[in-house]
Amino acid sequence: MKLITCGLPYANGKAHIGHLRTYVPADVYVKYLRMLGEDVVFVCGSDCHGTPIVVNAEKEGLEPKGLVDIYHEHFQKVFSEIDIDFDYFGRTDAEYHHHRTQDLVRRLMENGYIYPKEIELAYCPNCNRFLPDRYVEGICPYCGAEARGDECDQGCGRHLEPGEILQPRCKICGSKAVYKKQTHYFFKLTEFKDFLIDFLSNLRGTENALNYAKQWVSAELKDWCITRNLEWGVKFPGEDLVVYVWVDAPIGYISFTEKACEKIGKKWEEIWMAEKKTSEIIHFIGLDIVYHHCIFWPAMLKGSGYSLPDAIVASGMVKVEGKTFSKTRGYVVWLEDDYLASNLNTDFLRYYLVNYTSHQKDLNFSWEIFGDKVNNELIANLGNFLYRTTYFVWKNIGDGEKAELNGFATPETIKMIEETINKIKSSLEVWEFKALSDAIMELSSYGNNTFQHSKPWELIKSDLDSAKKVLADCLQIAKALVILCYPILPKTMRRLSKVFGFDVERSKIEDSLKVEDFTIYKPVIPFQKIEKEKIEELEKIMMERIKKAISEERGETKPDEEEIKEEIKEGGTMSETKDVSSSEKNVVSFEEFKKLDLRIGKIIKAEKIEKSKKLMRLEIDIGDEVRQVVAGIAEEYKAEELIGKLVPVLVNMKPAKLMGVESRGMILAVDVNGKPILLHPDKDVKAGSIIR
RNA sequence: GCCGAGGUAGCCUAGCUGGUGGGGCGACGGACUCAUAAUCCGUAGGUCGCGGGUUCAAAUCCCGCCCUCGGCACCA
């Protein structure tokens with residue numbers, strides 16, 4: 001038995017193309033395994049806990065559950081329309097999931113892997129409560145950017161542990177938060193280091209995932225705070241706390257498997273209980289959650305006696321129109337509002353996602369390429385062959401109802417199909433769905449070739465027997481294609497299998513090799529071609545969204561269409577192209593220059609920042625005030641020699657924090673191979689003198 | 001800066017135990033008409049990121065460098 005899972009969608013926003021980048025290949029994989037006779041369980045579900053959901057629900061005037069209901073239903077609907085057929089699509093706020101989570105946590109406690117520790121947490125005196133990570137805003141201790149309590153989302157992107165953030169403020173009322181002590185619980189991740197190194201060396205999956213994970217484990221591991229102050233979530237046993245959402249979310253793989261097995265009559269213990277395990281566990285995830293699946297998750301499972309995953313398959317990132325996927329910047333394709341609303345065949349999208357590039361690589365989604373691929377590959381090659389073959393037989397051999405062809409395929413044809421099947425099998429082993437679908441398209445091409453060169457339209461007039469021979473070969477290929485394409489194009493192939501008088505959903509791969517007589521019922525046109533206008537319409541929708549996002553970002557000027565097209569062509573974001581050098585554009589207007597507040601400052605105090613290699617804390621007199629500036633010059637200059645020196649200062653530099661020290665301004669220096677050389681005015685001038 | 005993954009015709013890619021660089025899409029020309037102007041045949045298009053080296057022979061091995069993407073790090 002094999003268990004296949006997909007990373008859980010967070011029930012806080014709508015489904016977009018990024019989700020499908022993982023789910024479609026996983027579904028394709030599952031459908032092939034089933035056709036190959038494997039016993040498969042396929043599960044997924046909504047990730048329902050965590051602060052963002054609580055915050056958003058509050059914003060919408062809903063209970064968390066109410067918000068989750070909306071998105072849970074949305075995801076289910078979208079997945080079923082796109083023929084992603086999970087055996088069970090659960091939700092982590094369900095009772096059975098809480099039960100499983102608590103069981104796992106208890107086992108970890110019993111085995112001594114969880115310990116309490118008093119930590120300082122942000123507390124809002126005004127709201128009179130502890131602030132969960134996402135309710136806190138402040139300064140990232142690593143890069144100095146504005147950050148959320150759990151993650152430096154604007155700056156360096158680092159995960160922040162509770163209590164790490166500097167200058168915390170309450171996100172709800174905006175007032176300054178204070179630190180208060182409270183006991184939380186930690187998972188001894190550090191004890192699993194050796195285990196993880198060993199585990200990862202045996203883990204299968206895509207290299208993109210495994211390489212990352214190995215890199216992380218060999219670096220420093222920290223114990224992991226697994227409790228939070230929140231009402232919404234799985235109660236931590238014996239405390240008025242909730243387990244961290246990243247602890248309970250993956251446990252959904254277990255709890256959803258239980259429900260799935262209940263439904264289809266299998267034993268979930270054979271999958272998930274270490275001592276009873278007889279099955280394989282394969283996780284399909286996005287590249288962004290490799291850390292959780294390759295580090296936290298196996299350690300949790302190991303520590304609690306559950307089974308370990310056998311393979312982690314990570315899909316590459318999604319780009320939209322050549323740009324990094326971004327909901328806020330408008331580079332996104334919404335499944336319901338964009339794709340499903342367009343009434344395009346959902347199989348088209350499945351084909352694109354599977355066939356554009358290797359599963360591990362970044363996938364670029366562009367409506368223009370989409371239209372080209374569908375019209376020129378899917379329809380012109382595959383669709384055309386299926387239709388021309390079945391239609392020709394039905395029209396020339398049949399009696400209006402159906403056509404019965406006495407004729408059998410030749411061994412050469414069977415061999416060709418066999419080769420295709422072998423390619424499919426070997427591609428599945430390494431999760432290469434592009435190679436797989438290319439092999440199928442090759443078979444279709446071979447079919448077109450056979451048809452074209454044998455000229456049945458001429459033979460039928462002179463030599464009916466020869467014509468039938470040719471047609472039998474073509475029909476065999478066509479029927480094989482219906483079967484072999486089904487996992488990728490389920491909707492279409494279900495329809496087409498009826499033309500051949502069988503149900504492809506119940507077929508096995510080997511059925512495509514079965515040589516038999518054919519009966520063809522009235523053919524259907526496999527795919528509807530995509531009109532140019534449709535593509536333009538969809539491009540326009542995206543364009544409008546990007547335009548809106550840019551104007552929101554800029555605050556005023558609205559970019560025109562040409563500008564965006566230009567920008568898509570060039571690559572690089574709007575803001576990047578604005579100030580990044582590209583010969584002509586690399587010209588600064590006087591207006592722009594005026595924005596810089598450059599002055600001469602006098603260094604009145606200097607001291608090296610402890611524990612830092614390069615950083616120097618400076619106090620600089622800039623005329624009307626004394627500024628604290630951090631500069632990376634400690635390797636080149638000693639504190640004593642800096643006192644009294646006049647240096648150029650960019651006064652209105654965005655403030656930042658470095659090594660926990662605030663820096664308000666930036667001193668200018670010459671860069672010689674990365675080493676700073678300070679600049680001094682030619683004559684002695686007053687501190688605060690303007691530079692221009 | 002460090003660590004990964006990459007850089008092969010306009011785009012997606014195969015080839016990476018070394019031996020005259022394959023395929024698909026697009027472009028161009030032709031053939032055909034059963035077919036959703038689909039198909040089939042042919043042509044053009046590549047300094048295989050750059051520079052060295054090993055070798056009779058390198059996209060393929062070694063060294064250095066550049067660029068892209070992702071992760072990490074004390075960029076101000």
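To be clear, the structure that these remarks concern was listed above.
Criteria and cut-off values
- Residues numbered from 1 in each chain as written.
- Chains lettered and ligands numbered in written order.
- Predicted model: local features only at pLDDT ≥ 70, side-chain atom pairs only at ≥ 80, totals over all residues.
- Heavy atoms only, no water.
- Helix = DSSP H or I, 4+ residues; strand = E, 2+ residues; numbered from the N terminus.
- Buried < 20%, exposed > 50% of the residue type's maximum accessible area, 1.4 Å probe, protein only.
- Contact = heavy atoms within 4.5 Å.
- Patch = residues over 30% accessible without salt bridge, like charges linked within 9 Å, V, L, I, M, F, W, Y side chains within 5 Å.
- Areas by Shrake-Rupley, 256 points an atom, 1.4 Å probe, with all protein chains shown as cover.
- Salt bridge = Lys/Arg side-chain N within 4 Å of Asp/Glu carboxyl O.
- Polar contact = N/O pair within 3.5 Å; in protein donor to acceptor, adjacent residues only side chain to side chain.
- Phe/Tyr/Trp six-rings, centres within 6.5 Å; stacked < 30°, edge-to-face > 60°.
- Lys NZ or Arg CZ within 6 Å of the ring centre and 35° of its normal.

A. Region of interest: the overall build of chain A. Helix and strand content of chain A: 22 helices and 29 strands. Per-residue burial over chain A gives 53% buried out of 692 residues. The contacts in chain A between residues at least 6 apart in sequence include a share of 72% that link residues at least 24 apart.

B. A look at a nonpolar patch on the surface. Side chains of V670, I677 and L679 sit close together on the surface and give an oily, nonpolar patch of about 210 Å² of accessible area. Structurally, the position occupied by I677 is in strand β29 (residues 675-678).

C. Local environment of the side chain of T5. With respect to the helices, strands and loops of the structure, T5 is situated in strand β1 (residues 2-6). Overall, the relative accessible area of 0% leaves T5 in the buried class. At a separation of 2.6 Å, a polar atom in the side chain of T5 contacts the side chain of H283. With residues near it in sequence (within four places) discarded, T5 still touches V43, Y253, I282, H283 and F284.

D. Quick look at the pattern of salt bridges. A complete count under the given rule lists 33 salt bridges for this structure. A salt bridge links D27 to R350; the nearest nitrogen and oxygen atoms lie 2.6 Å apart. Pair noted here: D27 is in helix α1 (residues 17-35) and R350 is in helix α11 (residues 346-355), with a separation of 323 residues, a long-range link. By relative accessible area, which is 1% here, D27 ends up buried. For R350, a relative accessible area of 0% corresponds to the buried category. When salt bridges that share partners are traced, they join D27, K31, D85 and R350 into one network.

E. Geometry of the packing of aromatic side chains. In this structure the tally under the stated criterion is 38 aromatic pairs. Taken together, a centroid distance of 5.7 Å and an interplanar angle of 75° make the contact between F79 and F86 edge-to-face. Each of the two residues, F79 as well as F86, counts as buried. Aromatic ring contacts, followed pair by pair, group Y23, F42, F75, F79, F86 and F89 into a single cluster. Between the NZ or CZ atom of R107 and the centre of the ring of Y306, over which it lies, the distance is 5.0 Å. In this structure, K117 packs its charged tip against the face of F186, placed 5.0 Å from the ring centre.

F. A look at unusual backbone geometry. Phi at E321 is positive, roughly 50°, even though this residue is not glycine. For E321, the position within the fold is in the loop between β16 (318-320) and β17 (323-324). The class for E321 is buried, based on a relative accessible area of 14%.

G. Representation of the environment of Q528 within the structure. Turning to its location among the elements, Q528 is positioned in the loop between β20 (518-521) and α18 (532-554). For Q528 and L344, which are 184 residues apart along the polypeptide, the C-alpha to C-alpha distance reads 8.6 Å.

H. Layout of the environment of I620. Its place among the elements puts I620 in strand β22 (residues 616-621). As for I620 and K602, which are separated by 18 residues in sequence, their C-alpha atoms are 5.3 Å apart. Among all residues touching I620, those that are not within four sequence positions of it are G601, K602, I603, I604, E625, V626, R627, V629, V649 and I667.

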